[in-house]
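Here's the letter readout for the chains.
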Amino acid sequence: MEITLTSPLDMHLHVRDGEMMRLVAPLSAQYFAGAVIMPNLVPPVVDEQSLRAYAARVKNAADDASFLPLMTLFFRNYSESDLRVAKTIPGFFAVKLYPAGVTTNSDMGVQSLRTAEPTLRSMEELDIPLLVHGESHGFVMDREAEFLPAYRYLAEQFPKLRICMEHITTAAAAHVLDEYENLSATITLHHLEFTLDDVLGTAMKPHLFCKPIAKREEDREALLQLALSAHPRVMFGSDSAPHPQHRKECYDCSAGVFSAPVALAGLAKIFARHRALDKLQAFVCDNACRLYGLHPPTKTVLLRDTPLHVPMQYCSYGQSVVPLYAGEQIPWSASIVRE
Ligand code: NCD
Ligand code: ZN
């Protein structure tokens, strides 16, 4: 069995910086035609200068003319003129909002949505998409559910703002998505594949630990339903978030699943299992292109049911990072079709 995808996009990706970026960026550029690049560096990407410089470093590290980095600014209170300038920067795509302290490198995030209103109003007027990490500071399993009123508030107060609920993990979030036309959502591979039981029900699996944490079986089912039915406002976003191996295999493991190199093969496995391979193109490309008016470079990817042996780790430039499915064999693999 095989299927061809045209210009797959990863609508939520962490490529980091420096040596780690040199290692991971080419692994995304190999099979994806573009990706939304998260701004949670230390310090975060918060101005024109750092955005331009980071965009250039990402392009350089990806080293692939048919890979389009879609760059984001880390949300802070921006003036309208800051945002007008951002719109002129080649590759600028959106602003990513993190509530302060909810995830990796988010300390400079938003303390209160009310104080963010003027910036959100300007973004709405300038038609700059808002990407949101939707978690509260509550009990870990309830954090996304507790944030849902904030999504409703944003969707109602800013009806023309295009708001993306990033990496949704619950059936409740899937319901809120359907309440408002100006909401869209990304879903990761690991949240389609795993529940909290896989993370710590048998042995504790640090490489599956991420924010938001994987939830219950009924939540995973609801996410699968969205992806497999090619819901028109749902897109693939891997949230591939590499951390050095020693930061995952330690007493205070960092949150993040490194899935970029296996993302398309993993999705093919899931969509094939559910006889929904014909819906994969919408999930990994067409929905995003339609929602945001994107025109990614042409990249043709062949997915075939020949097994892929996933390495135990990827090592270069003095970095070592462990991928999702490390050491396993997955029944599908990806290759590039050269025109
Ligand atoms: C991400 C990271 O490591 O930057 N971690 C994660 O668990 N997903 C941040 C994020 O997207 O929450
Ligand atoms: Zn992320």
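Provided above is the structure to which this section pertains.
Everything numeric here is computed off the predicted structure, so don't read it as measured data.

1. Observations regarding the side chain of Ser122
On the secondary structure map, Ser122 appears in helix H4 (residues 117-126). Once residues lying within four places of it in the same chain are set aside, the contact partners of Ser122 are Glu80 and Leu83.

2. Structural notes on unusual backbone geometry
Following Val42, the chain continues to Pro43 via a peptide bond in cis, the omega torsion being -5°. Tracing the chain through its elements places Pro43 in the loop between strand E3 (34-37) and helix H2 (48-62). For the bond running from Lys211 to Pro212, omega is -10°, close enough to zero to count as cis. Tracing the chain through its elements places Pro212 in the loop between helix H8 (196-200) and helix H9 (217-228). One non-glycine residue with positive phi stands out, namely Asp127, at about 60°. Within the secondary structure, Asp127 sits in the loop between H4 and strand E6 (130-132).

3. Considering the coordination of the zinc ion (ligand 2)
Only His12 (NE2), His14 (NE2) and Asp239 (OD) from the protein coordinate the zinc ion (ligand 2), and they sit 2.0 to 2.1 Å from it. In this structure, the zinc ion (ligand 2) is coordinated by four donor atoms arranged in irregular fashion, with angles at the metal of 93 to 135°. Sequence spacing of the donor residues for the zinc ion (ligand 2), all on one chain, is H-x1-H-x224-D. Residue classification places His14 among the buried residues on the basis of a relative accessible area of 7%.

4. Here's the deal with the nonpolar core
A general trend in soluble globular proteins is that nonpolar side chains are found buried together. Core analysis: the largest hydrophobic core is formed by 125 residues, its most contacted members being Leu130, Met165, Leu267, Phe271, Phe283 and Leu303. Excluding its chain neighbours within four sequence positions, the residues that come into contact with Leu267 are Leu189, Leu192, Phe236, Leu280, Phe283 and Val284.

5. Things to note about the site of ligand 1
Residues in contact with ligand 1 amount to 15 residues; listed here are only the nearest, Arg16, Asn40, Thr103, Lys211 and Asp239. Here an oxygen atom of ligand 1 sits 3.1 Å away from a polar atom, N or O, in the side chain of Thr104. Ala255 is positioned such that a nitrogen or oxygen atom in its backbone is 3.1 Å from an oxygen atom of ligand 1. Alone, ligand 1 offers 310 Å² of accessible surface; in the complex the protein occludes 100% of this. Split into classes, the residues belonging to the shell around ligand 1 amount to three nonpolar, nine polar and three charged.

6. What about the packing of aromatic side chains?
The way to describe two aromatic rings as a pair is by their centre distance and the angle between their planes. The full count for this structure, using the stated rule, is seven aromatic pairs. Between Phe93 and Tyr292, the aromatic rings sit 4.8 Å apart at their centres with planes inclined by 80°, giving edge-to-face as the arrangement. With Phe93 in strand E5 (residues 92-97) and Tyr292 in helix H12 (residues 280-292), this pair connects stretches of sequence that are 199 residues apart. A ring pair is formed by Phe147 and Tyr151, whose centres lie 4.9 Å apart and whose planes are at 80°; its orientation type is edge-to-face. Residue Phe147 and its partner Tyr151 are both found in helix H5 (residues 143-157); the two are separated by four residues, about one turn of the helix. Taking the relative accessible area as the measure of exposure, Tyr151 reaches 2% and is therefore buried. Grouped by ring-pair contacts, the aromatic residues Phe32, Phe236, Phe271 and Phe283 constitute a single cluster.

Rules of the game
- Residues numbered from 1 in each chain as written.
- Chains lettered and ligands numbered in written order.
- Predicted model: local features only at pLDDT ≥ 70, side-chain atom pairs only at ≥ 80, totals over all residues.
- Heavy atoms only, no water.
- Helix = DSSP H or I, 4+ residues; strand = E, 2+ residues; numbered from the N terminus.
- Contact = heavy atoms within 4.5 Å.
- Donors = N, O, S within 2.8 Å, 3.2 Å for Na, K, Ca; no water.
- Tetrahedral: all angles 85-135°; square planar, octahedral: opposite > 155°, others 65-115°.
- Buried < 20%, exposed > 50% of the residue type's maximum accessible area, 1.4 Å probe, protein only.
- Core = buried A, V, L, I, M, F, W, Y, C linked by side-chain atoms within 4.5 Å.
- Near = heavy atom within 4 Å.
- Polar contact = N/O pair within 3.5 Å; in protein donor to acceptor, adjacent residues only side chain to side chain.
- Areas by Shrake-Rupley, 256 points an atom, 1.4 Å probe, with all protein chains shown as cover.
- Nonpolar A, V, L, I, M, F, W, Y, C, P; charged D, E, K, R; others polar.
- Phe/Tyr/Trp six-rings, centres within 6.5 Å; stacked < 30°, edge-to-face > 60°.

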